[in-house]
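The lines below spell out each chain.
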Amino acid sequence: MPSVNRQITLATRPVGMPQGADFRLIETPIPRPGAGEALIRVLYLSLDPYLRARMNGALSSARPVQVGEVMAGEAVGEVIESNDPRMGRGDIVEGILGWQEYAVAHAKALRKIDPQAFPVTTSLYVLGMPGLAAYFGLLDICHPAPGETVLISGAAGAVGSLVGQIARIKRCRAVGIAGSPEKVHYLTAELGFDGAVNYNQTPDLYAALKEICSNGIDVYFDTVGGPITDTAMRLINNHARISVCGQSSQYNAAQPDVGPRWLSQLIVRQARVEGFLVSQFSSRFEEGLRQLATWLREKKLHYREEIVEGLPRAPEAFLDMLRGRHTGKLMVKIGA
Ligand SMILES: NC(=O)c1ccc[n+]([C@@H]2O[C@H](COP(=O)([O-])OP(=O)(O)OC[C@H]3O[C@@H](n4cnc5c(N)ncnc54)[C@H](OP(=O)(O)O)[C@@H]3O)[C@@H](O)[C@H]2O)c1
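Residues numbered from 1 in each chain as written. Predicted model: local features only at pLDDT ≥ 70, side-chain atom pairs only at ≥ 80, totals over all residues. Heavy atoms only, no water.

(A) Expanded view of the overall build of the protein. Across its full length, the protein carries nine helices and 15 strands. Computed over C-alpha atoms, the radius of gyration of the protein comes to 20 Å, within 12% of the 20 Å expected from 2.2 N^0.38 for 336 residues, which places it in the range of a compact globule. Along the longest, intermediate and shortest principal axes, the C-alpha atoms of the protein span 60 × 45 × 35 Å. Within the structure as shown, the protein displays about 15,000 Å² of accessible surface, and the carbon and sulfur contribution to it stands at 51%. One way to put it: in the protein the 35 positive side-chain charges average out to a point 2 Å from where the 33 negative ones average out. (Helix = DSSP H or I, 4+ residues; strand = E, 2+ residues; numbered from the N terminus. Rg over C-alpha atoms; globule rule 2.2 N^0.38 Å. Areas by Shrake-Rupley, 256 points an atom, 1.4 Å probe, with all protein chains shown as cover. Lys, Arg positive; Asp, Glu negative; His and termini not counted. Charge placed at Lys NZ, Arg CZ, Asp CG, Glu CD.)

Written out as structure tokens, the structure reads:
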């Protein structure tokens, strides 16, 4: 085992879009686990948009990462040493291990993964936080009924691509909004979406959505917010349900963005908007994971992973993710 642990820390708090200089690669000694803790060799690190909010000083849904601290983030790894009876050397675990090659974590905060059942990377995607957000954020917040039209923004991203497929499983019409022709093709040709619109090359997004959602929108699953959501809100049906999962278009805004005021549309349409945090469903994670695993086994869910090699490339990959340059789930391979 090497004696040095490479870590990526937050060097400065970004204003607006982060830059490479906001991160620092450092070397520290490999930490030792205390009582009830395990030492883990990180295999794959998940890059998620919510980490952008944790780089800010203000409290969002989680404690901010302090300047000089290791960047936070979910990861999957192999237990090297354990001081807790719940796990032993060689076990594969998932948890908030951070942007580093070796991490010490409390055993009770780790989830054991069966590497024989599915590839370990699925614990960061379909069988992890993004999958659970798609599952509960669509089914529990929106209760989609067969025949209804479900519109998804950020549809080719990790969460959105699963939401559309779950909507199809529930016999709804799934329509996606994404930012390139390749992403539109991925959604319709590979994932079975009923339609998709490239918002970057559509001169009139309202007209395009009106055509493709000819019966209006019953469920809107929002991951990006901003002008896309302002447009979608003009097409909602009576009793529409809107699940606010993310607001990716706002995460790098230095100033709050002001758009059309569409709350009166909720009155006219007797519609409901509800935000959620996946953690609010933690007591039902087992149920969600069981169902997602069943759909995976039945090949009803398909997924794409983009894997970048090596911890030093994590900041550059993270910045690319904030620019929407990937399809599906973005991860960094750290250990072999
Ligand atoms: N509430 C929760 O508990 C919870 C849990 C998980 C995730 N989330 C949130 O859900 C959202 C999606 O997460 P994810 O893991 O699926 O992220 P992701 O894989 O990065 O996908 C998000 C997609 O959104 C699009 N996007 C980014 N900026 C945009 C902009 N300015 N305008 C329009 N589209 C933009 C990009 O695709 P295009 O090329 O198509 O623009 C990007 O690929 C994030 O906001 C995340 O924070 C919330």
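(B) Broad picture of the pairing of strand S15 (residues 329–333). Counting buried residues in S15 gives four out of five residues, a clear majority hidden from the surface. The sheet contact formed by strand S3 (residues 37–46) and S15 spans three bridges and is antiparallel. The partner of Tyr 44 across the bridge, within S15, is Lys 333. The β-α-β motif built from strand S14 (residues 305–309), the intervening helix H9 (residues 314–322) and the parallel element S15 has right-handed crossover chirality. (Buried < 20%, exposed > 50% of the residue type's maximum accessible area, 1.4 Å probe, protein only. Pairing = 2+ DSSP bridges. Right-handed = clockwise from strand over helix to strand, strands pointing away.)

(C) Examining the site of the ligand more closely. Residues in close proximity to the ligand total 28 residues, the closest being Val 159, Gly 179, Lys 183, Tyr 199 and Val 278. In the environment of the ligand, an oxygen atom lies 2.7 Å from a nitrogen or oxygen atom belonging to the backbone of Gly 179. Protein coverage of the free-state accessible area of the ligand, which is 920 Å², stands at 88%. Of all the elements in the fold, those that place two or more residues in the shell around the ligand are helix H2 (129–142) and helix H3 (158–169). For the shell around the ligand, a count of residues per class yields 16 nonpolar, eleven polar and one charged. Inspection of the shell around the ligand shows a minimum of three residues originating in each of domain 1 (4–124 + 304–333) and domain 2 (129–279). (Near = heavy atom within 4 Å. Polar contact = N/O pair within 3.5 Å; in protein donor to acceptor, adjacent residues only side chain to side chain. Nonpolar A, V, L, I, M, F, W, Y, C, P; charged D, E, K, R; others polar. Domains from an automatic or database assignment.)

(D) Summary view of the pattern of salt bridges. Summed over the entire model, instances satisfying the criterion amount to 18 salt bridges. Between Arg 284 and Glu 287 there is a salt bridge, with its nearest N and O atoms 2.9 Å apart. Each of Asp 140, Arg 284 and Glu 287 takes part in salt bridges that share partners, so that together they form one network. (Salt bridge = Lys/Arg side-chain N within 4 Å of Asp/Glu carboxyl O.)

(E) Layout of the layout of surface pockets. Of the voids in this model, the second largest pocket is the one considered here, and its volume is about 270 Å³. Lining the second largest pocket we find 14 residues, and of these Arg 111, Ile 113, Asp 114, Phe 118 and Leu 127 sit closest to its centre. Among the elements of the structure, strand S7 (111–113) and helix H8 (285–297) are those that each provide at least two residues to the lining of the second largest pocket. With four residues, the top contributor of residues to the lining of the second largest pocket is H8. A class-by-class count of the residues in the lining of the second largest pocket yields seven nonpolar, two polar and five charged. (1 Å grid on protein atoms, 1.4 Å probe; cavity = no way out; pocket = protein on both sides within 12 Å on 5 of 7 lines; lining within 4 Å. Points joined across faces, edges and corners; volume = space filled by probe spheres on them.)

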